[in-house]
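What the coordinates show
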Amino acid sequence: MALVVAQEVPTSSSMAVPHGPAGVGRARHRMRTQLREGGLPDQVIDDAVLILSELLSNACKHGRPLGDAQAGDGDVRAAWRLDQQGRLVVEVTDGGGPTRPAPSTPSVTAHGGRGLNIIAALADDWGVRDEVPGEVTVWVVVHAAVHDRDAGHRRDDFAARVAAPAVADIPGLGFADAFDELD
């Protein structure tokens, strides 16, 4: 008989991330490791890591580092946690920028500007807090029911998603057959 020890997502995890692309990979790796050790499904982990990456990229592109550091020299703060309701929440805090974070409507050919739209599509909820002077936090509820505290374990039903039909099954898209042979 094997003894199985249940692991949980840490109540909270926070880290300073260099203001720039250098720390994004480290933050993604740390999050992936902690969430995997916490027993979360890969789909939830993938969503959370993508959201963290988008938030950090936005913070480095549009926000200042925390404190008095110059752009590229200071840090931003990345955090993820289970809140009191058992929801997985991801937050990135920077020193603010010239505008408040808001989704944009980039042109089809634009090379950016889709980050918050991606986040909105993946998340159950998101928003901005800027009550603390010199800090702007974008928070995201990745999945609303990661952990049922009353049951004392991770819920298995929270990651159910509506799957899109396979491209080949969509009527009127005859070009899809050409892609079937590109494996």
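Since this is a predicted model, take the numbers as computed values, not measurements.

A separate point is the packing of helix 1 (residues 24–37) against helix 2 (residues 42–62). It is at 10 Å that the axes of helix 1 and helix 2 come closest, and there the two elements cross at 155 degrees. If you check the angle between helix 1 and helix 2, you find them roughly antiparallel. Relative to helix 2, helix 1 is oriented so that their crossing is right-handed. Contact residues: Val24, Ala27, Arg28, Met31, Arg32, Leu35 and Arg36 in helix 1; Asp42, Ile45, Asp46, Ala48, Val49, Leu52, Ser53 and Leu56 in helix 2.

The next thing to look at is helix 3 (residues 115–122). Listing the buried residues of helix 3 in full gives Gly115, Leu116, Ile119 and Leu122. End-on, the buried residues of helix 3 take up no more than an arc of 125 degrees, which puts them together on one face.

All right, on to the pattern of salt bridges then. Considering all chains together, one arrives at 4 salt bridges under this definition. Between Arg32 and Asp46 there is a salt bridge, and its shortest N-O distance comes to 2.9 Å. Of this pair, Arg32 sits in helix 1 while Asp46 sits in helix 2, and the two are 14 residues apart along the sequence. For Arg81, the salt bridge is made with Glu91, and the minimal N-O distance between the two is 3.0 Å. Of the two residues, Arg81 is situated in strand 2 (residues 75–82) and Glu91 in strand 3 (residues 88–94); the sequence distance between them amounts to 10 residues. The class for Glu91 is buried, based on a relative accessible area of 12%. Connected through salt bridges with shared partners, the residues Arg81, Glu91 and Arg129 form a single ionic network.

Of all hydrophobic cores here, the largest spans 32 residues; its most connected members are Leu52 and Leu56. Elements represented by at least two residues in this core include exactly strand 1 (12–18), helix 1, helix 2, strand 2, strand 3, helix 3 and strand 5 (136–143). Looking at which element gives the most residues to this core, the answer is helix 2, with 9 residues.

Our next topic: the packing of helix 2 against helix 3. It is at 10 Å that the axes of helix 2 and helix 3 come closest, and there the two elements cross at 155 degrees. Classified by the angle between their axes, helix 2 and helix 3 sit roughly antiparallel to one another. The interaxial crossing formed by helix 2 with helix 3 has left-handed handedness. Residue-level inspection shows Asp47, Leu50, Ile51, Glu54, Leu55 and Asn58 of helix 2 in contact with helix 3, the latter providing Gly115, Leu116, Ile118, Ile119 and Leu122.

Where strand 4 (residues 125–129) lies against strand 5, 5 bridges are found, and the strand directions are antiparallel. Bridge assignment links Val128 to a residue of strand 5, and that residue is Val138. Hairpin connection, strand 4 to strand 5: the antiparallel pair is bridged by 6 residues, and Gly134 has positive phi, about 80 degrees.

Cut-offs and rules
Residues numbered from 1 in each chain as written. Predicted model: local features only at pLDDT ≥ 70, side-chain atom pairs only at ≥ 80, totals over all residues. Heavy atoms only, no water. Axes fitted to C-alpha atoms, helices over the stretch in contact; angles between N-to-C directions. Helix = DSSP H or I, 4+ residues; strand = E, 2+ residues; numbered from the N terminus. Parallel < 35°, antiparallel > 145°, perpendicular 65-115°, else oblique. Left-handed = near helix turned anticlockwise from the far one by under 90°. Contact = heavy atoms within 4.5 Å. Buried < 20%, exposed > 50% of the residue type's maximum accessible area, 1.4 Å probe, protein only. Arc of directions from axis to C-beta. Salt bridge = Lys/Arg side-chain N within 4 Å of Asp/Glu carboxyl O. Core = buried A, V, L, I, M, F, W, Y, C linked by side-chain atoms within 4.5 Å. Pairing = 2+ DSSP bridges.

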